[in-house]
Structure formats: structure tokens, C-alpha cells
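Commentary on secondary and tertiary structure
Residue-level listing of the chains:
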Amino acid sequence: MLTINHSAIPLGSHILVAVSGGADSVALLRTLHAGMKAKRWQLTVAHLDHGIRGKSSLEDARFVRTLTQQLKIPCVIGRVKVPELARRTGVSLEMAARQARYAFLVRTARKVGAGLIATAHTADDQVETLLLKFLRGAGRAGLSGIAPATALSGMGLIRPLLGVTRAEIEAMLRAHNWAWREDETNTDTVFLRNRVRHELIPLLERDFNPGLRQTLQRTREVFSAEDEWMDDLARDILKECLGPAKPLGENLRGDRLSAFPLAARRRVIRLWLFGQGVPEEALAFEAVSRVDHLAAQSAGSGRVELPGGWKVLRHYGVLRMEPPSHTEAQWGPVKLMVPGKTVIPRLGVTVIITLDSGVVKDKGAGPGKLPAKATLNAAMWAKRELWIRGVKAGDRMIPFGMKGSQKIQDILVNAKVPRSERSGVPVIECEGEILWVPGYRIAARWAIAQPDGRNLQMSLLQNPAGDTEVVPPYCKTGRFHHLLEGRAPSRPSSLEVLQRL
């Protein structure tokens, strides 16, 4: 059996395993299945038919279904027409497939209650990705390669096979006489990654460096360690440059940021944008450079539009985010741990729920204003799932102390929440019923009956600037553990170090 990094997978984890039917994903499933009993893991398989390969796709799905039945593991199969998605969004077929795949995995993980998503990226994928990013002009962060573990829409994403080569995987499967499916598109050089895999890497190994893979891996390790250190420096600077908190997050003081070197400014801007919820694909070099230019101007107002409809607005030296009109989709929903602590990295917030006596008498500073606290009736909860999400059109509730149902939008208008910030105000729901608008009121049905009994004590907090809850998309394994545990690593301040460089 393959040797994987078990330290990134806590005991008792529920893991959603992405299985295409190819050698890599079959090996991942077989390896995790072998450790299930000892590690008390719960596995669920997710398979997505991309609608690209016709009958072959259906056979892949049948193969995965049969395999999971043999292993007695639940399986969720989804289908999406990626070519149609690519035409509609104007992205490449590869990018559309990637976006559809991760959206499906996140959606399925939430549906089945999995806390981790596992994908079958290998050492060969790492080398191919490094070369692709180099050819496309990535910086040090991009050349740090694929992270063994990271955050994906508030969930943990792990890649246990990242240190294993494809040759080792196929050798293991053959040794056990385990079948897998071959995807004919993996040899189609129309796709850029396939040209790198089948043409560029063999050429470089043959004519320039036979040890290319080992060289690139060493380079990645160096860049990864240095990148992690520079993230620490950038977090200190970000903390120094943040302005007053708003319902949608933290503003950025451009006048303070401009005092730092260009490389530091770019990294801080990436951290700030990602912490505001801007997706990784919108954090390209050009976008970050335009935000940096915007921050350097102190007079008047200005704006920069980012991919996906995100906007950065400047007003007399202070930058703030304006999310796209579909911010409620960016918000979630995210399942909450009850009781427990749920860290939501892309929103920069943490939800803490405990079962305790007493009543929190917190009037709140206004809808979406953090921190916010509330006490709710635990009997109403009855161990059902609680979720946090953004406001959607048509949302209603009966606020405690008031008569009749009210639209959430009307509540926000009456509270003078700016139109651009309304869709970013969070709500807590249970089976479709809104039970709390943080910073405002709880729903009347959820009011406590016995103050001395055990009640749901809920807190919604803004993550402190610099804490690892606001993680960049290229976060490292060590940081992932802190993300799961909901705490920040101890480290000395590095601001003075950077200023002396």
C-alpha cells in the first residue's frame, strides 16, 4: 500500500474522496480505505461526469459505482455539461472542468456532512503544475506549487498522494491486480497540460536535465518555505494597514501600505483581497498591480474592477471591497459545528456555538456588525443542522419582540445598511428558517424559555488580522492544522525584520 501523510487527516474524520476512476484516484481510495478502521475515518466517494467523453463517461461512472459497492462506501455521482459551461462563461475547457469539479465537491461535502475533501494529485501533477505556472508568469507564491493541504470554501482540502509518483501508483495497483479506467483525453495534446506532460517534460529530461523532476521538487520546497516566511511578514503589515471594520470586512489604508516595498505591498494586497472573499482566480498579477496603483493615490476617489464582478473602491486613501451582485452565493452556505467553532477563511469570520446557561443581553450594533452575540432556544434546535449564509431575495423572519413577518431587505433598509453591503450581511438558518441576523435580533420562535437551562450561545467574530483563519489559497500543511483547530500559530512579529531588509 502507498505511504501517505496521515498527519493531515485527524482521527474520526469524514472524508469526501474525489474519484474519477483513473489510476491516481483509485489508488487514493484504496489507500484511504485500508486505513479506515484504524483511523476511524468515514469515507464518501464523489464522482463527476464532465459531459465531455460521451459513453466513456458513463462507463467511468459505472466503474466507480461498482468499486464503491465492493468497498461498501457511499457514492455520490454528479453530471455537468462542461463544454456548455465553458462556452457560457468564456473560459477554457480545462478551467471550466476545474471550476465545475470543485463546486461539485464542495456542494457534495456539505450535503453529506464531510469535513475534508481529498483529491488524488501526485508528484507528477506537482511538476507539471510548476512548469505551467512558470510558463504563465507566476510569482514565488505560484511557484511554491500545489499545497498538500489548503482551504476550499471554508473546508479542508487535502492531497495525500502529493509525494507519490504516477509510476509508483500504477505499480501498486498492478501488484494487487486492481483495475482502473484510462481516460483517453489524457493523451490529447490539444490540452496544454497534456503537452507539458507528454512533450515538454520528456524533451527537458532528454536534452537538458535528466533529474528535472527532482530539481523542480527541490526548487518548490525552497520557494514554499520562503513563501511561508514572507506570508508571516505580510500578515504583520496587513494588520498595520487595516482600517475600521465594516459589515463586509476590513478596509485597507492605502496611505499606510504605500510606505512598504513593492513586493510586500503585492503580497499584502493578495492577502487582503482573499480575506474579503475574492476567489483565487481573480488574484492575478495584473489585478493586484492595479489595486496597488489605486492604493498609491490619495486624492479623491477611484475604483478597480476585478474578474467575477468584484470591485475595489478608494475614497481619500482608504480602500474597501464591493462584492458582485451575487454575493449570497459567495457567502455559502456553510454548515456550522454545534457545539463547536467554525472558521470561515474566505469571509474572515468565526462562529462559536456553545451549550450553556444564561442569557446574552446584546442589543447589537446593527445587522452584520461584528462581533455579535445571541442566546437561542436549544429545544428548537433539537440537534438539527445550522447554516450561515448571505441574505437572499425573499428572505423573511419574525423578529423577537415584534409582530408579523418582515423581509430581511426591509430590516436592512430601516437599519440604513448601504445597498452595496446588504447582500454581505450574514444570516443563520435551520432547515430554511432564519433564526438570527447577527447584530440585529433573533427570530421570535427561537427565544429562550428557561434562562437557567442549557441554551445555544452563539458568537460571530471577525478573525483578527494576521491570524491563519484568513489563509491565502496557497497555505501550507502546518497552517492547515491551525485552520482545523481554529487557532493561530505562535510566531514573533516580523514587521521590523522586513523594514530592515
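Residues numbered from 1 in each chain as written. Predicted model: local features only at pLDDT ≥ 70, side-chain atom pairs only at ≥ 80, totals over all residues. Heavy atoms only, no water.

Looking at the packing of aromatic side chains
Keep this limit in mind: When two rings of Phe, Tyr or Trp (its six-membered ring) have centres within 6.5 Å they constitute a pair, described as stacked for plane angles under 30 degrees, edge-to-face for angles over 60, and tilted for the intermediate range. A ring is considered to have a charge above it if a Lys NZ or an Arg CZ atom is located within 6 Å of its centre and within 35 degrees of its normal.
All told, the structure shown has zero aromatic pairs when counted by the stated rule. The cationic tip of arginine 101 hangs over the ring face of tyrosine 102; the distance from NZ or CZ to the ring centre is 5.9 Å.

As for the pairing of strand β1 (residues 14–18)
Every regular strand shows the same layout, with side chains that alternate between the two sheet faces. Under the convention used in this document: A 1.4 Å probe rolled over the protein chains alone gives each residue an accessible area, and that area as a share of the maximum for its type sets the label: buried under 20%, exposed over 50%, partly exposed in between. Per the convention used, a helix needs a DSSP run of H or I reaching at least four residues, while a strand needs a run of E reaching at least two, with both numbered from the N terminus. Two strands are said to pair when DSSP picks up at least two bridges between them.
A large share of β1 lies buried, amounting to five of its five residues. Side chains His14, Leu16 and Ala18 project from β1 onto one buried face, and the interleaved Ile15 and Val17 project onto a second face that is buried too. Bridge analysis of β1 against strand β2 (residues 42–49) gives five bridges, and the strand direction is parallel. Counted as the bridge partner of leucine 16 is threonine 44 from β2. Examined bridge by bridge, β1 and strand β4 (residues 116–118) share three bridges and lie parallel to one another. The partner of leucine 16 across the bridge, within β4, is isoleucine 117.

Observations regarding the sheet that holds strand β21 (residues 455–462)
Our working definition: For helices, the axis comes from a line fit to the C-alpha atoms of the stretch in contact; other axes are also lines fit to C-alpha atoms, and the angle between any two N-to-C directions lies between 0 and 180 degrees.
Within the open sheet, the four strands sit side by side as β13-β14-β21-β15. Their pairing is antiparallel. Strands at the two margins of the open sheet, each flanked by one partner only, are β13 (340–344) and β15 (372–376). Going from strand to strand, the sheet's axes swing by 15° on average, the running direction of each strand aside. As defined by bridge partners, β15 adjoins β21 across five bridges and the pair is classed as antiparallel. Directly across from lysine 373, in β21, lies its bridge partner serine 459.

Examining the packing of helix α1 (residues 23–34) against helix α3 (residues 55–71)
In a packed pair of helices, the relevant descriptors are the angle between the two axes and the axis-to-axis distance. In plain terms, the rule: Throughout, the term roughly parallel applies to angles under 35 degrees, roughly antiparallel to angles over 145, roughly perpendicular to angles from 65 to 115, and oblique to all others. Every residue pair with non-hydrogen atoms within 4.5 Å of one another is taken to be in contact. When residue character is reported, Ala, Val, Leu, Ile, Met, Phe, Trp, Tyr, Cys and Pro are called nonpolar, Asp, Glu, Lys and Arg charged, and the others, Gly included, polar.
The contact between α1 and α3 brings their axes to 12 Å, and the two run at 10°. Here α3 runs roughly parallel to α1, going by the angle between their axes. Side by side, α1 and α3 meet where Val26, Leu29, Arg30 and His33 of the first sit next to Phe63, Leu67 and Leu71 of the second. Taken together, the residues of the contact of α1 with α3 break down into five nonpolar, one polar and one charged.

Here we look at the environment of alanine 296
Inspection of the secondary structure assignment puts alanine 296 in helix α12 (residues 285–296). Taking the relative accessible area as the measure of exposure, alanine 296 reaches 56% and is therefore exposed. For the pair alanine 296 and leucine 257, spaced 39 residues apart in sequence, the C-alpha separation works out to 8.1 Å.

Regarding the sheet that holds β2
The sheet built from six strands is open, its strands ordered β3-β2-β1-β4-β6-β5 with mixed pairing. Each edge of the sheet is formed by a strand with only one pairing partner; in this case those strands are β3 (75–79) and β5 (149–152). Neighbour-to-neighbour, the strand axes of the sheet open up by a mean angle of 25°, direction not taken into account. Of the strand pairs in this sheet, β2 and β3 are connected by five bridges, and their pairing is parallel. Bridge pairing in β3 places leucine 48 opposite glycine 78. Of the strands in this sheet, β2 and β3 are in contact with α3, which crosses β2 at around 170°.

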